[in-house]
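Summary of structural features
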Number of protein chains: 2
Amino acid sequence: MKANHHGGVTFPSGFLADAACAGIKEDENLDLGILYSEQPCVVAGVFTTNRIKAAPVLLCQHLVASNMAQAVVVNSGCANACTGEQGMADAQEMAALTADKLSVAANSVLVASTGLIGMALPMERIRNGIGSLCLSKDGGDGLARAIMTTDTVPKQAIATINIGGQMVRIGGCAKGAGMIHPNMATLLAFVTTDAVIEREVLRTSLREAVDASFNMVSVDGDTSTNDTVLLLANGAAANKAIRSCTPEADLFLQGLLSLCTELAKGIARDAEGASKLIEVCVEGAASLAEARAVARTIASSSLVKTAVYGCDPNWGRVIAAAGRSGVEIVESKIDLHFGDVCLLKAGTPCNFDESSVGAILEGAEVPIRIHLNSGTFSATAWGCDLTPDYVMINSEYTT
Amino acid sequence: MKANHHGGVTFPSGFLADAACAGIKEDENLDLGILYSEQPCVVAGVFTTNRIKAAPVLLCQHLVASNMAQAVVVNSGCANACTGEQGMADAQEMAALTADKLSVAANSVLVASTGLIGMALPMERIRNGIGSLCLSKDGGDGLARAIMTTDTVPKQAIATINIGGQMVRIGGCAKGAGMIHPNMATLLAFVTTDAVIEREVLRTSLREAVDASFNMVSVDGDTSTNDTVLLLANGAAANKAIRSCTPEADLFLQGLLSLCTELAKGIARDAEGASKLIEVCVEGAASLAEARAVARTIASSSLVKTAVYGCDPNWGRVIAAAGRSGVEIVESKIDLHFGDVCLLKAGTPCNFDESSVGAILEGAEVPIRIHLNSGTFSATAWGCDLTPDYVMINSEYTT
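Residues numbered from 1 in each chain as written. Chains lettered and ligands numbered in written order. Predicted model: local features only at pLDDT ≥ 70, side-chain atom pairs only at ≥ 80, totals over all residues.

Turning our eyes to something else, we now look at the domain arrangement of chain A. Residues and elements named next belong to chain A. We note that the domain assignment places domain 1 (8–269) and domain 2 (277–395) within chain A. Between the C-alpha centres of domain 1 and domain 2 there is a distance of 32 Å. On the domain 2 side, the residues contacting the 13 residues of domain 1 number 14 residues. A per-class count over the side of domain 1 that touches domain 2 returns six nonpolar, five polar and two charged. (Domains from an automatic or database assignment. Contact = placed C-beta atoms within 7 Å. Nonpolar A, V, L, I, M, F, W, Y, C, P; charged D, E, K, R; others polar.)

Shown next as structure tokens:
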């Protein structure tokens, strides 16, 4: 299903992009970009649940509710959050400048920002940066880089599905390495598709895919003020329209879910200071919500994360985290595995080979599997280890 | 109100204690102790909200519900949690051994354990250890040390109040340096008093004092399986009985609250790897619950904690944490101070002197004050900075 990932958001037909180094970040990396569709797009969005919402989030929520979209302008280095009325004026000006450049309506331009909270956007640099952009089919890679903050690698993914004999493409990119916690929309992610698809299918598919992917990732328990996922569909594939409650809608959801999961895992793997990806599978839960709550609580636990960092087979921390998840788990029913090694069976500790568990904990991906034996639902969450580097990165962010 | 803190739990009349090095911990520190009252005590307890409860917690909950208490036996080094039926048998044997030694009823002996989860108690060492104890009025200091795990200093406090001309004493000790998070009862703390007091007043006072003290401390967001606070009143002061809804009940609550707050702040100050105490005061909230939720969320935020560690004036993280607290805060009403320096006024960033804020962040106690301007309720939470040492301590706990 996957080809190479280059140009994630420009992989579907009819999408162009470019990025520039506008001088918003202190280093000389890309920090401004535009994603553009040759045709107006049906659009869906999921946004942060933080009560403090950045100006671009408020603007996007308003636009996505009632408009078609044709472009996204995004910057990194400055979140344009906690910036008062000036912040909203600046977000609106970013949209207007982009609309002028592309000759589209200002209310068809979405805006996203990520970076330091509480600092005003350097608008002169943004004006110059937008003026310098030159959109192309090759621009997706640059856009994926322009949204990075403490990320060390760009995160892109693509998927294809077959709708009535017609190939439909989906592409996306995401950023996020800190201030990431599942109880929310999520980070920044832009997903494009050339599918012809009903707005309602687009929206429900995005909600469902985000809940099972980005919302199952935690880096540090802190929910950002700027989390935004946008999904734009321009119809360039000219497939038979994807309608609600059809096999085609299921196919689209599966493709979208696969792509979002790949991006979400990429975020956990590249999290601030992380040296390992932790994958927590919960099985046998009484409901999907309970499976997710247990999985996310374990993946978010500082004590689980430090134990994984230290390759310490301290499985009691996993059980303690499950116990504080709010779910009515029953201790005497729990089975726990690290990789293939059983540590706890029906709530009773097993004798296990410490060297086998040590080898699992030393891997780049650490699989933790807990069976609650209380139902038939399962869920997977992704996290990362907590390292001294995480502390150092975050103790020196503004200074 | 405070004298020296030596012998916290043996400061009130009629309480004796002792501690021993029974070999439960790998080092040669005290790890087993008994607290004893010469007279049967009215008792109140608050316990972990974790669904996974250690055997001694389950035993204490049962005993506190309907019995007088005359002793507490406690060990560190092994939590006796996730230990199945053997764990409950071992906790019951600890109580029975103590009851035999003291010639009291087994159901008047409370049990507490703290340490590694998932390991069976080394009962032979516990039997020998209990046998070796020799209770005295000087034993409180030893008991405070015997409950330590990763704590670096013992935490004790005392208070006195005047009830109808009669001095009433309160004393206590606490431990806890990791796996500590406010949504719960809390850690281990034992509080004694020689007050004559009605059982109902004792219970409501403990609940109220714990909610405003231990439950407002967070070290790492992880709730333990073993959290236990016990309050024993033996009546040796022979004061006029403290009854509900009287000025004397208020006096007792204030004394208890002061003592619990001192112990709670001691826990935050001595938290694993911490170099600073963070005190978060929330004012102007619409309810007490909302004030507490905002204060606890800020004090628990990994990003606030790392910024304080690095003396980074990254105040946006405080606002972002408040925004994800679940409270309906209004950005345009928020005032924020670090110490005396105003960083945000009515939601708008202030120009501030970075060196003044730097000096505040470099202090041993960092005061953060946020005014929501939405009501008249306030609350204070205590936390600590997140340091590389926290990660190192917790990556090497069992191995």
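Let us keep going from here.
Turning to the relation of the copies chain B and chain A, a few remarks are in order. Turning chain B through 180 degrees and shifting it by 0.0 Å along the axis lays it on chain A, with an RMSD of 0.0 Å. As the rotation angle and translation indicate, the two copies are arranged about a two-fold axis. Of the C-alpha atoms belonging to chain B, the one lying closest to the rotation axis is found on Pro388(B), 2.3 Å away. Residue by residue, 100% of the interface of chain B is reproduced at the interface of chain A, so both copies engage with the same surface. (Least-squares fit on C-alpha atoms with pLDDT ≥ 70 in both.)

Let us look at the sheet that holds strand E11 (residues 341–345) of chain A. Backbone hydrogen bonds hold the strands of a sheet together, and the pairing may be parallel or antiparallel. All names here are of chain A. Spatial ordering of the open sheet is given by E12-E11-E10-E13-E9-E14, a layout of six strands whose pairing is mixed. Only two strands of the sheet have a single partner each, and these edge strands are strand E12 (348–349) and strand E14 (377–384). The sheet contact formed by strand E10 (residues 335–338) and E11 spans three bridges and is antiparallel. Opposite leucine 336, over in E11, you have leucine 344 as the bridge partner. Of the strands in this sheet, strand E9 (277–285), strand E13 (365–371) and E14 are in contact with helix H7 (residues 288–300), which crosses E14 at around 20 degrees. (Pairing = 2+ DSSP bridges. Helix = DSSP H or I, 4+ residues; strand = E, 2+ residues; numbered from the N terminus. Axes fitted to C-alpha atoms, helices over the stretch in contact; angles between N-to-C directions.)

What follows covers the confidence of the model for chain A. Residue and element names in this part refer to chain A. Averaged over all residues, the pLDDT of chain A equals 88, while 94% of them reach at least 70. The element-level mean pLDDT for chain A is lowest in helix H11 (residues 388–395), coming to 82, with helix H3 (residues 123–132) highest at 97. Within the model, pLDDT remains below 50 along residues 1–5, and this stretch shows nine contacts once partners closer than five positions in the same chain are excluded. (pLDDT = per-residue confidence, 0-100.)

Let us look at the sheet that holds strand E9 (residues 277–285) of chain B. Residues and elements named next belong to chain B. Taken in spatial order, the six strands make up an open sheet running E12-E11-E10-E13-E9-E14, and their pairing is mixed. One side of each edge strand has no neighbouring strand; the edge strands of this open sheet are strand E12 (348–349) and strand E14 (377–384). Where E9 lies against strand E13 (residues 365–371), seven bridges are found, and the strand directions are parallel. Note on E13: the bridge partner recorded for isoleucine 278 is valine 366.

Here we come to the environment of Ile393(B). Residue and element names in this part refer to chain B. With respect to the element layout, isoleucine 393 can be found in helix H11 (residues 388–395). Judged by C-beta crowding, with 17 C-beta atoms within 10 Å, isoleucine 393 ranks as partly exposed. Between the C-alpha atoms of isoleucine 393 and glutamate 272, which are 121 residues apart in sequence, the distance is 7.1 Å. Other than its neighbours up to four places away in sequence, isoleucine 393 contacts Thr150, Glu272 and Gly273. (Buried ≥ 20, exposed ≤ 12 C-beta atoms within 10 Å, placed from the backbone.)

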